[in-house]
Amino acid sequence: MNRVGKKQDDTLIEMALTDAEGYGDDVAVLTGFKIRREGVIVTHIGEESNGPTCELGELISNQESDLPSNSEIDRHHQSKDSIFFRDGMRRIDFVLSYVDDPSKEGEKKVERRKEFEINLMKSGLDVEIEDKKESEDGKTYFVKLHASWDVLCTYAEVLKIKLPIKKNDIPPSRENPLDYLFKPFRLPKDVMNPEPDYFTAPFNKQRQELFHIEDKDTFFTPSVRNRIVYYMLSRCLYGHEEETGKRKFGIKRLLNNNTYTAAYPLHDCQYWKKSPDKKCENERYTLYMEWARFIRFYKEQPLDLIRKYYGEKIGIYFAWLGFYTEMLFFAAVVGFLCFLYGCFTNDDNTWSDEVCNVDIGGKIIMCPLCDQECTYWTLNTTCESSKNSHLFDNVATLFFAIFMGIWVTLFLEFWKRRQAKLEYEWDLVDFEEEQQQLQLRPEYEAKCRNRKLNPVTQEMEPYLPLSSQFARFLLSGTTVLFWIALIIASIIAVIVYRLSVYAAFASLMKDAQGIKYIGAFFTPQMATSVTASCLNFAIIMILNYLYEKVAIWITDMEIPRTHLEYENRLTTKMFLFQFVNYYSSCFYVAFFKGKFVGHPPKYTYMFGHWRNEECDPGGCLIELTTQLTIVMAGKQIWGNIQEALVPWLLNWWGRRKAKSSPENLYCRWEQDSDLQCFGTLGLFYEYLEMVVQFGFITLFVASFPLAPLLALLNNILEIRVDAWKFTTQFRRPVAAKAHSIGAWQEILNAMAILSVVTNAFIVAFTSDMIPRLVYYYAYSEDGLSMEGYINNSLSVFNISDYDDKNKPFPNKNPDWFNETVYTTCRYRDYRYPPEHEKRYSHTMQFWHILAAKLAFIIIMEHVVFVVKFFVAWMIPDVPSEVKARVKREKYLTQKILHEYEIHKLKEQYEKPAYSSFRTELGSTERGVEILSDML
């Protein structure tokens, strides 16, 4: 074959003409396309197109002509916001972009693009290329793709996309007479319900007349169109490996090797103003005005419009986030009331008054908090800490812990009902099975060379051998365990930091000035806890950044079969890591700090060198509250900065370059190209952020009743930040389906169960509530009184029994301390005094308190679990109304399909070929029945 044409500037025409060995002169015959000169436009045969077409021989002369091209004329007549080809008829369903690469690798990229785009055309897509000379930077080519009606119908059937067949005739639910109270929070009906409610059925190309098709241009929504085109892009071939003959395909690999710089569907207009094109839906503008602006924070979300514009997967996320925020309102109100109870009863707090009393707490000499460097101190120096502790450590804490155990059950159960309703309304009832069968990952198909027969489909399909799976899982599991061990090592390092700097803070209390400055605001324990929490937060963020890369790498290495399997595996790995990373420091403070300190002089040492730190005299609960506040608030503030500020800065920097070109030449695809890519894992990180927050407000909520309020305020902002981000800062994501929140549902269920256990242990072992109740009912000297509790909770130690390694240096002692006057010191524990025959061993009160703590844990867990399971049993997962609607739709769908088949058979029966058949049978009904059995 003769080589045709000469090499042009990487346009589709030279791609079609220069490959002599593959196509040659017969390219038009082989590909079945006609080519015409407009920028460059390649039109699939069978599509109506405006403008002249030309033969291959005419192409060269047109290319070499000095006359202005049609593109130079059309650019000024077409709106910069146009989302159509230059003919103004065909919608742009997807855009690919690339730049010239002068290196040797660039020649390979040219060949990949050439074969990829020709194969796209073979699959039925129309292609229109914008030359780099017409882009605002003069470097970027834009390849615009359009899927014709036939292509959309074919792939809608392949993907089993449900489409409308008949308007829903089920009457809506009765309106609540109190709905008028919520009118200020409602959105206009055309925004909330942009489409009428239809009965739907999986699309069938051979039964098109069965479906409710009013206009072929609008029958498939833009989100459905870009989902179909992306499905084609992810499976389109672009070459073979020379050595193995292995097929290479998929837009994802082409993006990874920089053959293309971006691939994205278009937004339909500017977010701040409507498009002048009458055929544009302007849904982006509506979403921004009614949803993304913060001044609309009190309004409901337009979930149906979100689903229509972004797809079901993103719609489900915002539905879940909105429902979670609504439920947080009730938890926040109760938590705030519990906090107010602590504030109002603070003045009646007997044990705090005793700590602050100069005649009681001022005369109680406490033992040194560390060896040699620390000195003796009076209990009243922790007055403020003791008062602050009561704000969170009171009877209301117990009530709130039980309430949150029931709240989390109600949240999960009501979400299941809400999710079931969305599944029906968004045609996702049977989606899970479809996704498992159809959404095979292109990477799996490309990397798995072995084939086996699928017993269900009876087709040969790729599979990964068991030996290879085991090896990959072994490497993956080892990597995850290594990183978890790294987290634990970092936590131990922070603990060592605590123990090291603790002495420095404690030594500041040796004189009156130090007592005034440190003791009035921070105890040594509190100062250590605050600085250690900040250090721990910094380590958390660094490890998070590093592990995210590793988790994606090892999940890719496992080669999951389906997209759902990929997301579930990545979700499990990421959450397991995040769980240990974020919560390990809180678990340490809640359940380990102050529990294994020993007693003077037999202290417990970490690694034989650092003496274990004690709890604050006000209790470890206030330190847990501090740790939780810093990590939770810090994560939320950092997350909002990262989510909103970083994309805005990147887009601002990109827009600076675009201002040099005339605004009327800055087209829709170029504007979207300058936005940030949301990425396939973008939604994953949004879920992860919220689930980690969910853990903070459930696992440790007994220590901080205000946690739900902080989460509520954050989520009100989070919804609008995410909405603003989606509509203004990111390219339009590829629409994807999801029938639920996936693996996150099981994670939330597990955390709900674990939260009951952790809160029970926090109330029992971290809070001082149980020791106080035991003293109040069993050991009070005045009968049902808390007077004397502080003296009762502190044991006595003889200073002369100190070893030299424990005894403070003489120069560290404060001026007021005299060893001849003060012969004993006090410490937190229940042990016999030095003069007792069982000196320094536990008293009977210690064992009574321990028994009360264990009994409380068992009773609280059983009560909460019984209530949880009873509530779960009482609330059905699927509302009865939804069950009735699903049954009604299935019945009507079957009825419509049956009537359609009968109608077709009647038409078949009445054809001349069946004249003898009709004569013999006579009855049309009888003939149709027999014909149906025959077919």
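The residue numbering used here restarts from 1 in each chain and proceeds along that chain's sequence as written. Predicted model: local features are reported for residues with pLDDT of at least 70 only, side-chain atom pairs are reported and counted for 80 or more only, and whole-chain, interface and lining totals are derived from all residues. Hydrogens and water are ignored here; the side-chain numbers use all heavy atoms of the structure.

K.L.:
Can you tell me about the overall build of the chain, naming the residues and giving the values?
P.N.:
If you tally the helices and strands in the chain, you get 33 helices and 20 strands. Think of it in three bands: with a 1.4 Å probe and only protein chains considered, a residue is buried below 20% of the maximum accessible area for its type, exposed above 50%, and partly exposed in between. Burial status across the chain gives 53% buried among its 935 residues. Considering only residue pairs separated by 6 or more positions, the chain has 76% of its internal contacts joining residues 24 or more positions apart. Only the protein chains shown count as cover for residues, and all accessible areas are computed by the Shrake-Rupley method using a 1.4 Å probe. Counting only carbon and sulfur atoms, one obtains 58% of the accessible surface of the chain, whose full area is about 43,600 Å². The helix and strand labels rest on DSSP assignments: H or I over at least four residues marks a helix, E over at least two residues marks a strand, and numbering proceeds from the N terminus. Note on definitions: a residue-residue contact is assigned when non-hydrogen atoms from the two residues lie within 4.5 Å.

K.L.:
Describe the environment of Lys109, and please don't skip the residues or the numbers.
P.N.:
Structurally, the position occupied by Lys109 is in helix H5 (residues 104-122). Its relative accessible area of 10% is what places Lys109 among the buried residues. Taking C-alpha positions, Lys109 is 8.7 Å from Leu254, a pair spaced 145 residues apart along the chain. With residues up to four places along the chain from it excluded, the contact list for Lys109 reads Asp101, Asn257, Asn258 and Thr259.

K.L.:
An account of the pairing of strand E3 (residues 94-99) is requested, with residue identities and associated values reported.
P.N.:
Most of E3 is tucked away: 5 of the 6 residues are buried. Looking at chain direction, E3 and strand E5 (residues 140-147) are connected through 6 bridges and run antiparallel. Residue Val95 lies in a different strand from E5, and its bridge partner there is Lys144. At least two DSSP bridges between two strands are needed for those strands to be called paired. As paired strands, E3 and strand E10 (residues 262-264) are joined by 3 bridges and run antiparallel to one another. Paired with Val95 across the bridge in E10 is Tyr264.

K.L.:
How would you explain the state of the cysteines if you had to name every residue and give the values?
P.N.:
Any cysteine sulfur atom paired with another within 2.5 Å is treated as part of a disulfide. Applying the stated rule across the entire model yields 3 disulfides. A sulfur-sulfur distance of 1.8 Å marks the disulfide that ties Cys356 to Cys383. What sets the handedness of the Cys356 and Cys383 disulfide is the S-S torsion sign, and at about 95° it is right-handed. Here Cys383 lies in helix H15 (residues 383-392) and Cys356 lies in helix H14 (residues 350-356), a separation of 27 residues in the sequence. Using a relative accessible area of 13% as the deciding quantity, one classes Cys383 as buried. Across the disulfide, Cys367 is cross-linked to Cys825 (sulfur-sulfur distance 1.9 Å). Its S-S torsion of about 85° marks the bond between Cys367 and Cys825 as right-handed, since a negative value means left-handed. Of the two residues, Cys367 sits in the loop between strand E11 (365-366) and strand E12 (377-378) while Cys825 sits in strand E20 (residues 824-828), which places them 458 residues apart along the sequence. Classification of Cys825 as buried rests on a relative accessible area of 0%. Free of any disulfide, Cys280 has its nearest neighbouring cysteine sulfur in Cys269, separated by 5.0 Å. Residue classification places Cys280 among the buried positions, given a relative accessible area of 9%.

K.L.:
Give a detailed account of the packing of aromatic side chains, specifying residues and quantitative values.
P.N.:
In summary, the pairing rule links any two rings of Phe, Tyr or Trp, Trp by its six-membered ring, whose centres are within 6.5 Å, and it sorts them by plane angle into stacked for under 30 degrees, edge-to-face for over 60 and tilted for everything else. Under the counting rule described, the total for this entry stands at 65 aromatic pairs. One residue, Lys252, lies across the ring of Tyr566, its end atom 6.0 Å from the ring centre. Cation placement over rings: the criterion is NZ of Lys or CZ of Arg within 6 Å of the ring centroid and within 35° of the ring normal. A cation sits over an aromatic face here: Arg611 above Tyr603, 3.5 Å from the ring centre.

K.L.:
Outline H15, listing residues and values.
P.N.:
Among the 10 residues of H15, 7 are classified as buried, and the element is accordingly described as predominantly covered. If you check which residues of H15 are buried, you get Cys383, Ser385, Ser386, Ser389, His390, Leu391 and Phe392.

K.L.:
I'd like a rundown of the packing of helix H16 (residues 395-425) against helix H27 (residues 743-766), residues and numbers included.
P.N.:
How two helices sit against one another is set out by the angle between their axes and by the gap between those axes. Across the interface, H16 lies against H27 with an axial gap of 9 Å and an inter-helix angle of 170°. When the interaxial angle is binned, H16 and H27 end up roughly antiparallel. Between H16 and H27, the residues in contact are Leu398, Ala401, Gly405, Val408, Leu412, Trp415, Lys416 and Gln419 and Gln745, Leu748, Asn749, Ala752, Ser755, Val756, Asn759 and Val763, respectively. Three residue categories are used. Nonpolar comprises Ala, Val, Leu, Ile, Met, Phe, Trp, Tyr, Cys and Pro, charged comprises Asp, Glu, Lys and Arg, and polar comprises the others, including Gly. Here the contact of H16 with H27 is composed, by residue class, of 9 nonpolar, 6 polar and 1 charged. To get an axis, a line is fitted to the C-alpha atoms, and for a helix only the part in contact is used. The angle between two axes follows their N-to-C directions and goes from 0 to 180 degrees. Roughly parallel refers to an angle under 35 degrees, roughly antiparallel to one over 145, roughly perpendicular to one between 65 and 115, and oblique to any angle outside these ranges.

K.L.:
An account of the pattern of salt bridges is needed here, citing residue identities and associated values.
P.N.:
The term salt bridge refers to a side-chain nitrogen of Lys or Arg lying within 4 Å of a carboxyl oxygen of Asp or Glu. Enumeration according to the criterion identifies 30 salt bridges in this entry. The partner of Asp100 in a salt bridge is Lys132, and the shortest N-O contact between them spans 2.8 Å. Remark: Lys132 occurs in the loop between strand E4 (125-130) and E5 and Asp100 occurs in the loop between E3 and H5; sequence separation between them is 32 residues. The class of Asp100 is partly exposed, set by a relative accessible area of 34%. Notably, a salt bridge pairs Asp371 with Arg611, separated by 2.8 Å at the nearest N-O pair. Of this pair, Asp371 sits in the loop between E11 and E12 while Arg611 sits in strand E18 (residues 610-611), and the two are 240 residues apart along the sequence. A single network of salt bridges, built from pairs that share partners, joins Arg86, Glu128, Glu130, Glu134 and Lys144.

K.L.:
Account for a nonpolar patch on the surface, naming residues and giving values.
P.N.:
A cluster of nonpolar side chains, Tyr180, Leu181, Phe182, Phe185, Phe294, Phe297, Tyr298 and Leu717, forms an exposed patch at the surface whose accessible area comes to about 800 Å². For Tyr180, a relative accessible area of 56% corresponds to the exposed category. Only residues above 30% relative accessible area that lack a salt bridge enter a patch, with like-charged residues linked at up to 9 Å and the nonpolar side chains Val, Leu, Ile, Met, Phe, Trp and Tyr linked at up to 5 Å.

K.L.:
Would you mind going over H16 in detail, with residue names and values included?
P.N.:
To estimate how far a helix should extend, the number of its residues minus one is multiplied by 1.5 Å. Here H16 spans 45 Å end to end across 31 residues, near enough to the 45 Å set by a 1.5 Å rise per residue. Pairs of N or O atoms are called polar contacts if they sit within 3.5 Å, as long as, within protein, a hydrogen donor faces a hydrogen acceptor (for residues adjacent in sequence, only side-chain-to-side-chain pairs). By the N-cap criterion, in which a side-chain oxygen at the helix start approaches the backbone nitrogen of a residue two or three places on, H16 is capped by Asn394, the distance to Ala396 being 2.9 Å. Note on H16: the residue one or two positions beyond its end, Asp427, has a positive phi of about 60°.

K.L.:
Tell me about the nonpolar core, and name the residues and values.
P.N.:
In summary, soluble globular proteins display a tendency toward joint burial of nonpolar side chains. We define a nonpolar core as any set of buried Ala, Val, Leu, Ile, Met, Phe, Trp, Tyr and Cys residues linked to one another through side-chain atoms lying within 4.5 Å. Judged by nonpolar contacts, the single largest core of 142 residues is most densely connected at Trp320, Tyr324, Trp407, Phe411, Tyr583, Phe696 and Trp744. The dominant element in this core, judged by the number of residues it contributes, is helix H13 (residues 312-344), at 16 residues. Residues within four places of Phe411 in sequence aside, it is in contact with Trp320, Phe323, Tyr324, Met327 and Phe694. One finds Val151, Ile161, Val229 and Ile251 within the second-largest nonpolar core, a separate group that totals 48 residues.

K.L.:
Describe the side chain of Lys725, listing the residues and the values that go with them.
P.N.:
With respect to the secondary-structure elements, Lys725 resides in helix H26 (residues 707-729). A relative accessible area of 3% places Lys725 in the buried class. In this view, Lys725 contacts Glu643, Glu686 and Phe730; residues no more than four positions away in its chain are not counted.

K.L.:
I'd love a proper account of unusual backbone geometry, names of residues and values included.
P.N.:
Residue Pro601 is reached from Pro600 by a cis peptide bond, and omega for that bond is -5°. With respect to the element layout, Pro601 can be found in the loop between strand E15 (598-599) and strand E16 (602-603). For Ile559, which is not glycine, the phi torsion reads 55° and is therefore positive. Following the sequence through the fold, Ile559 ends up in the loop between helix H21 (524-558) and helix H22 (563-591).

K.L.:
Give me the lowdown on the environment of Asp131, citing residues and values where you can.
P.N.:
Relative to the helices and strands, Asp131 resides in the loop between E4 and E5. Here the alpha-carbon distance between Asp131 and Phe142, two residues 11 residues apart in the chain, equals 7.1 Å. In terms of polar contacts, Asp131 uses its side chain to reach the backbone amide nitrogen of Lys133, at 2.9 Å.

K.L.:
Lay out the environment of Val866 in plain terms, naming residues and giving numbers.
P.N.:
The topology assignment puts Val866 in helix H30 (residues 844-874). Judged by relative accessible area, which is 57%, Val866 ranks as exposed. Measuring from C-alpha to C-alpha, the distance between Val866 and Ile406 comes to 9.9 Å, with 460 residues separating the pair along the chain.

K.L.:
Provide a residue-level description of the confidence of the model for the chain, including the pertinent values.
P.N.:
On average, residues of the chain score 78 in pLDDT, and 80% of them are at 70 or above. The model gives residues 1-76 a pLDDT under 50, and that stretch makes 143 contacts with residues more than four places away or in other chains. The score called pLDDT rates the predictor's confidence residue by residue, from a low of 0 to a high of 100. Here residues 510-520 scores under 50 on pLDDT; set against residues more than four positions off or in separate chains, the count is 20 contacts.

K.L.:
With reference to specific residues and values, describe the packing of H16 against H30.
P.N.:
Contact geometry of H16 with H30 gives a least axis separation of 9 Å together with a crossing angle of 25°. Considered as vectors, H16 and H30 are oriented roughly parallel to each other. Taken as a pair, H16 and H30 cross one another with a handedness that is right-handed. Only Phe856, Met860, Val864, Val867, Lys868, Val871 and Ala872 of H30 make contact with H16, whose side of the interface consists of Leu398, Ala401, Ile402, Gly405, Ile406, Val408, Thr409, Leu410 and Glu413. Tallied by class, the residues present in the contact of H16 with H30 amount to 12 nonpolar, 2 polar and 2 charged. Crossing handedness is read from the near helix: turned anticlockwise from the far helix by less than a right angle, it gives a left-handed crossing, and turned clockwise, a right-handed one.

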